[in-house]
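Each chain, letter by letter, is given below.
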Amino acid sequence: MTVRLETLAGAAARPHLASLAALRTEVFAEFPYLYAGDREEEARYLATYAEGKGAAIVVALDGEAAVGAATCQPMAETHGEVREAFARSGHDIAATCYFGESVLRASYRGQGLGVAFFTAREAHARALGLRIATFCAVVRNPNDPRRPADYTPLDAFWRKRGYVHHPELSCVMRWRELGDDRETPHTLAFWVKELA
């Protein structure tokens, strides 16, 4: 495999934001997100990770082309819906690193990069002195008629990485799904891991 990972922030991340924004709209259009993304909005969102205090973007590069990325930042710095839901649960915000989204071009999947994304983000969290890692994933009905026949949920993959599903801990985010003319609410449930 010729792909390498780099954990970037600030000026080092900026050259990749436009291509990663395009990649995010591509990957999140797939089930289970079915997200009708806007590249400019995605680039602005990624800039919060490039510029945010303690934040980082782990970029997968094939040569100089960005083919994937995973984001992370201290929970205290992340967007309101996530931070507030986590705070209501009684978890320690100050000790937690929030893992935002991971995206990877389809042709690069199944080569260990998903594991590497988690390893790199956990290393970043530890370097910040944080002892808990968490992320949230969209909740879809298993019988959703839009679910592709070959779709495999990532639950087993996440459990193998040591993350515990907390369906009682959730937040609601709004986005426009493919084919919709307005944003609708979506529930996302948290997965949590104590970092050694």
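Remember, it's a predicted structure, so these values are computed and weren't measured experimentally.

Definitions and limits used
- Residues numbered from 1 in each chain as written.
- Predicted model: local features only at pLDDT ≥ 70, side-chain atom pairs only at ≥ 80, totals over all residues.
- Heavy atoms only, no water.
- Helix = DSSP H or I, 4+ residues; strand = E, 2+ residues; numbered from the N terminus.
- Rg over C-alpha atoms; globule rule 2.2 N^0.38 Å.
- Buried < 20%, exposed > 50% of the residue type's maximum accessible area, 1.4 Å probe, protein only.
- Contact = heavy atoms within 4.5 Å.
- Areas by Shrake-Rupley, 256 points an atom, 1.4 Å probe, with all protein chains shown as cover.
- Lys, Arg positive; Asp, Glu negative; His and termini not counted.
- Charge placed at Lys NZ, Arg CZ, Asp CG, Glu CD.
- Pairing = 2+ DSSP bridges.
- Axes fitted to C-alpha atoms, helices over the stretch in contact; angles between N-to-C directions.
- Parallel < 35°, antiparallel > 145°, perpendicular 65-115°, else oblique.
- Left-handed = near helix turned anticlockwise from the far one by under 90°.
- Nonpolar A, V, L, I, M, F, W, Y, C, P; charged D, E, K, R; others polar.

A. Examining the overall build of the protein more closely. Each helix and strand in the protein was counted, giving five helices and seven strands. Relative to the compact-globule value of 16 Å for 196 residues, the protein shows a C-alpha radius of gyration of 16 Å, a close match. Across the 196 residues of the protein, 46% fall into the buried class. A sequence separation of at least 24 residues applies to 70% of the contacts in the protein between residues at least 6 apart. On the protein, roughly 9700 Å² of surface is accessible, and the fraction owed to carbon and sulfur atoms is 53%. Measuring between centres, the 23 positive side-chain charges of the protein sit 4 Å from its 25 negative side-chain charges.

B. Inspection of the pairing of strand 3 (residues 65-74) at higher detail. The buried fraction of strand 3 amounts to nine of the ten residues, a majority that puts the element mostly inside the structure. Note: strand 3 against strand 4 (residues 96-104), six bridges, orientation antiparallel. Pairing of Pro74 across the sheet is with Cys97, part of strand 4.

C. Just the sheet that holds strand 7 (residues 184-194), in detail. Read across the open sheet, the seven strands follow the order 1-2-3-4-5-7-6; overall the sheet is mixed. A strand with exactly one partner marks an edge of an open sheet, and here the two such strands are strand 1 (3-8) and strand 6 (164-175). Going across the sheet, the axis of each strand differs from the next one's by a mean of 25 degrees, ignoring polarity. Of the strand pairs in this sheet, strand 4 and strand 5 (residues 132-138) are connected by three bridges, and their pairing is parallel. Across the sheet, residue Cys97 finds its bridge partner in strand 5, namely Ala133. Across the face of the sheet, helix 3 (residues 80-88) comes into contact with strand 4, strand 5, strand 6 and strand 7 while running at roughly 145 degrees to strand 6.

D. Inspection of the packing of helix 1 (residues 17-28) against helix 2 (residues 39-51) at higher detail. With their axes 8 Å apart at the nearest point, helix 1 and helix 2 run at an angle of 120 degrees to one another. Comparing the axis directions of helix 1 and helix 2 gives the class oblique. Regarding helix 1 and helix 2, the two cross each other, and that crossing is right-handed. Counted together, Leu17, Leu20, Ala21, Ala22, Arg24 and Thr25 of helix 1 and Arg39, Glu42, Ala43, Tyr45, Leu46, Ala47 and Ala50 of helix 2 form the full contact between these two elements. Of the residues that constitute the contact of helix 1 with helix 2, the class distribution is nine nonpolar, one polar and three charged.

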